[in-house]
Amino acid sequence: VLDWGLPLQKAIDSAHFVNLNGDTELEESAPEDLLKGLEALGHEVIIRPQTSGIQAISVGKDGTYTGAADSRREGSAYGE
């Protein structure tokens, strides 16, 4: 949302990736250019499932709230 200007739900639905001071883990559905870009920056990339269950709320300039949730939540009815 902040870095790429995406709407909240689109950002949550995007491919997940994480780096916890080691290899960068990237979701299988990630765009090829993201994988190549990370590798070009020197990241060792591991492709593996990413299930977060992230939820988010944003507050618009007019004070309205927008909520979004990850449908890929592991072991829940949300993504099934």
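Cut-off values and rules
Residues numbered from 1 in each chain as written. Predicted model: local features only at pLDDT ≥ 70, side-chain atom pairs only at ≥ 80, totals over all residues. Heavy atoms only, no water. Helix = DSSP H or I, 4+ residues; strand = E, 2+ residues; numbered from the N terminus. Contact = heavy atoms within 4.5 Å. Lys, Arg positive; Asp, Glu negative; His and termini not counted. Charge placed at Lys NZ, Arg CZ, Asp CG, Glu CD. Pairing = 2+ DSSP bridges. pLDDT = per-residue confidence, 0-100. 1 Å grid on protein atoms, 1.4 Å probe; cavity = no way out; pocket = protein on both sides within 12 Å on 5 of 7 lines; lining within 4 Å. Points joined across faces, edges and corners; volume = space filled by probe spheres on them. Nonpolar A, V, L, I, M, F, W, Y, C, P; charged D, E, K, R; others polar.

Regarding the overall build of the chain
So, point 1. Across its full length, the chain holds two helices and five strands.
So, point 2. Starting at the N terminus, the α and β elements of the chain follow one another as α-β-β-α-β-β-β.
So, point 3. Principal-axis analysis of the C-alpha atoms gives the chain an extent of 40 × 30 × 20 Å.
So, point 4. Counting only contacts in the chain whose residues sit at least 6 apart along the sequence, the fraction spanning at least 24 positions is 28%.
So, point 5. Each charge class in the chain can be summarised by its mean position, and for the 6 positive and 14 negative side chains these summaries are 5 Å apart.

A word on the pairing of strand E5 (residues 65-69)
So, point 1. Relative to E5, strand E4 (residues 55-59) runs antiparallel, the two being bridged by five bridges. Looking at the pairing, Ser58 lines up with Thr66 of E5.
So, point 2. The loop that links E4 with its antiparallel partner E5 comprises five residues; one of these, Gly63, has a positive phi angle of about 90°.

Let's talk about the confidence of the model for the chain
Predicted coordinates in areas of low pLDDT are best not read in detail.
So, point 1. Model confidence for the chain is summarised by a mean pLDDT of 85, while 90% of its residues fall at 70 or above.
So, point 2. Low pLDDT, under 50, characterises residues 75-80; the stretch is placed with four contacts to residues that sit more than four places away or in other chains.

Observations concerning the environment of Leu20
So, point 1. Among the structural elements, Leu20 can be located in the loop between strand E1 (17-19) and strand E2 (24-26).
So, point 2. Linking Leu20 and Ala40, residues 20 residues apart in sequence, is a C-alpha distance of 19 Å.

Describing the environment of Ile47
So, point 1. For Ile47, the position within the fold is in strand E3 (residues 45-47).
So, point 2. The spacing of Ile47 and Leu35 is twelve residues in sequence and 9.2 Å in space, taken between C-alpha atoms.
So, point 3. Apart from residues lying up to four places away in sequence, Ile47 is in contact with Leu26, Glu27, Glu28 and Leu35.

Focus: the layout of surface pockets
So, point 1. The volume enclosed by the largest pocket comes to roughly 400 Å³.
So, point 2. Forming the boundary of the largest pocket are 15 residues, of which Trp4, Ala11, Ile12, Ala15 and Phe17 lie nearest the centre.
So, point 3. Looking at the lining of the largest pocket, the element that brings in the most residues is helix H1 (residues 8-13), giving three residues.
So, point 4. Partitioned by chemical class, the residues of the lining of the largest pocket number eleven nonpolar, three polar and one charged.

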